[in-house]
Structures are given as structure tokens and as C-alpha cells.
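Observations on the three-dimensional arrangement
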Amino acid sequence: MTSREATSTSREAAAQRSAAFHCGAFDVPAVSAAELVAMRSADEGERPVVVDVRSAAERVVARIPESLSRDEFEASGDEYDARDVVVTCTVGRRSGAYAAALAKRRGGRVFNSTGICCYSHHAEAYGSGPHALVDAAGAPATRIHVYARPWDFASERFEAVKFGPLGAFMAAWRR
């Protein structure tokens, strides 16, 4: 194993530990990046709706294709009532809180994702395939917003973007 491969493996393991810790705080089933890719590969009517609860500033850098913001999802009315919902954020904390509340309010199948940092390590997250992260223009993402330094577990294939201390405070305060 090369030094670069060892670093990548270490970052992925750190992302998975962080996600397990944060997702474990909620009574909502968590799905890994591989499980989310498999769910999104289903036939059109069977695919879950992915709700990204990160701030607009985070989503503009990179997001899962066809994902909705929390506001877009909530404004959709009953359009997605028959579909499973997978909620995502950076490492599963914000998404877990929203997924737990959504499961109580909505019923049905609601899942918490292990987050965009774990997703970035999946082989299909980088490049131009149907599961590759995209930027605001829909182009393949080369950067990923990791919120702040303590959550900088993204794959080395992406440039990490972070809020400064004031930006992180403001993003947390807005939700």
C-alpha cells in the first residue's frame, strides 16, 4: 500500500467513525454511501428522495445529484409521500436530527445518510457518472464542503472547503 493509499484509507475510516458516532445519536436507520448509491440505482419510481439539510453555501460547492434542499422538500407538499426519504448532511448529525423529526411527523421509511464526507469516498462519487457529486451548475464537483476543520474527512480526490469560525457559527445559528 502506498503512502497516499494509506492516507486515503485513514481518512475514510475517520469519516466512517465520525458518521457512526453522529448517526448513532438518533433512532433512525442509517445508510452508507454504498447503500445510498444502490438505492439511487433502482428503477425511477423506486428511488428515494434525497434531502440535503446543509446550508445553501455548502450545497453550492457539491451535492448529490437530484437531491433537494430541506426547503424544497418541505415546499413539495405530498409529492414524495410514497417514496423513501434519505436525509444527508456532512457527517450525519444535522441530517439525523431532521430525519428523526421527519419520521415522527411523516411516517414511512426515513433514513439518515452517513453524510457527504463518507459519500465522497465511494468510487462513483467522483467524475461524471450518475452518482458523482455535482456543483451548483450541475458539473462534476472537484471540491466538497466539509463544514469546518473537525469534520474534514472528505476523500482526497476533492478539495476541502470549510467555513471560517464566524461562518460556521452563522450556519449553525440559521438552522
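The rules behind the values
Note on numbering: residues in each chain are counted from 1, in written sequence order. The predicted origin of the model limits local features to residues at a pLDDT of at least 70 and limits the giving and counting of side-chain atom pairs to 80 or more, whereas totals for whole chains, interfaces and linings rest on all residues. The side-chain numbers reported here are obtained from all heavy atoms of the structure, hydrogens and water having been left aside. By the criteria applied, helices consist of DSSP H or I runs no shorter than four residues and strands consist of E runs no shorter than two, each listed in order from the N terminus. Each residue's exposure class comes from its accessible area (1.4 Å probe, protein chains only) as a fraction of the maximum for that residue type: buried when under 20%, exposed when over 50%, partly exposed otherwise. Only heavy atoms matter for contacts: two residues are in contact if any of them lie within 4.5 Å across the pair. Shrake-Rupley sampling with a 1.4 Å probe provides the accessible areas, and residues are treated as covered by the protein chains on show and by no other component. When a carboxyl oxygen of Asp or Glu lies within 4 Å of a side-chain nitrogen of Lys or Arg, that pair is called a salt bridge. The pairing test for Phe, Tyr and Trp rings, Trp by its six-membered ring, is centres within 6.5 Å, and the orientation test on the planes gives stacked under 30 degrees, edge-to-face over 60, and tilted for anything in between. The set of buried Ala, Val, Leu, Ile, Met, Phe, Trp, Tyr and Cys residues whose side-chain atoms join them within 4.5 Å is what this entry labels a nonpolar core. Expected span of a helix, by definition, is 1.5 Å for each gap between consecutive residues, and there is one gap fewer than residues.

Description of the overall build of the protein chain
Looking only at helices and strands, the protein chain has 7 helices and 7 strands in total. In the protein chain, which comprises 175 residues, the share counted as buried stands at 46%. Of the contacts formed within the protein chain by residues at least 6 apart in sequence, a portion of 67% connects residues at least 24 apart. Accessible area for the protein chain stands at about 9,000 Å²; split by element, carbon and sulfur atoms hold 53% of it.

Details of unusual backbone geometry
For Glu-66, which is not glycine, the phi dihedral falls at a positive 70 degrees. Take Glu-66: it is sitting in the loop between helix 3 (56–61) and strand 3 (68–69). Assessed through its relative accessible area of 61%, Glu-66 is described here as exposed. Phi at Tyr-147 is positive, roughly 75 degrees, even though this residue is not glycine. Checked against the element boundaries, Tyr-147 lands in the loop between strand 6 (143–145) and strand 7 (159–161). Classification of Tyr-147 as buried rests on a relative accessible area of 11%.

Side note on the environment of Glu-159
Position of Glu-159 relative to the elements: it lies in strand 7. In this structure the C-alpha to C-alpha distance between Glu-159 and Ala-141, which are 18 residues apart in sequence, comes to 9.4 Å. Every residue in contact with Glu-159, bar those within four places of it in the chain, is listed here: Thr-142, Arg-143 and Ile-144.

Details of the pattern of salt bridges
Under the defined criterion, the tally for this structure stands at 8 salt bridges. Of the charged contacts, one joins Arg-47 and Glu-44 as a salt bridge, the two residues approaching to 2.9 Å between their closest N and O atoms. With a closest N to O distance of 3.9 Å, Glu-74 and Arg-105 form a salt bridge. One end of the pair, Glu-74, is in helix 4 (residues 70–75); the other, Arg-105, is in helix 5 (residues 93–106), with 31 residues separating them in the sequence. On the accessibility criterion, Glu-74 (39% relative accessible area) is partly exposed.

A few points about the packing of aromatic side chains
Under the counting rule described, the total for this entry stands at 4 aromatic pairs. Centroid distance Tyr-147 to Phe-163: 5.5 Å. Interplanar angle 90 degrees. Geometry classified as edge-to-face. Of this pair, Tyr-147 sits in the loop between strand 6 and strand 7 while Phe-163 sits in the loop between strand 7 and helix 7 (165–174), and the two are 16 residues apart along the sequence. The exposure classification of Tyr-147 matches that of Phe-163, with both residues buried. The structure contains a cluster of three or more aromatic residues connected by ring pairs, namely Tyr-147, Trp-151 and Phe-163.

Some thoughts on the nonpolar core
Ranked by size, the top nonpolar core spans 26 residues in total, and within it Leu-36, Tyr-119, Leu-133 and Ile-144 carry the most contacts. Elements supplying a minimum of two residues to this core: helix 1 (3–23), helix 2 (33–40) and helix 6 (116–119). Discounting residues that sit within four places of it in the chain, Leu-36 has contacts with Val-31, Val-50, Ile-64, Val-86, Ser-113 and Tyr-119.

Some points on helix 5
Since the α-helix advances by 3.6 residues per turn, residues separated by three or four positions end up pointing in the same direction. For helix 5, with 14 residues, the first-to-last C-alpha span of 20 Å sits near the 20 Å given by 1.5 Å per residue. Those residues of helix 5 not exposed but buried are Ser-95, Gly-96, Tyr-98, Ala-99, Ala-100 and Leu-102. The secondary structure elements touched by the buried residues of helix 5 are strand 2 (49–52), helix 4, strand 4 (85–88) and strand 5 (110–113). Positive phi shows up at Gly-107, right after helix 5, with a value of about 75 degrees.

As for the environment of Ser-95
Tracing the backbone through its elements, the reader meets Ser-95 in helix 5. Counting along the chain gives 20 residues from Ser-95 to Gly-115, while the straight-line C-alpha distance between them is 8.1 Å.

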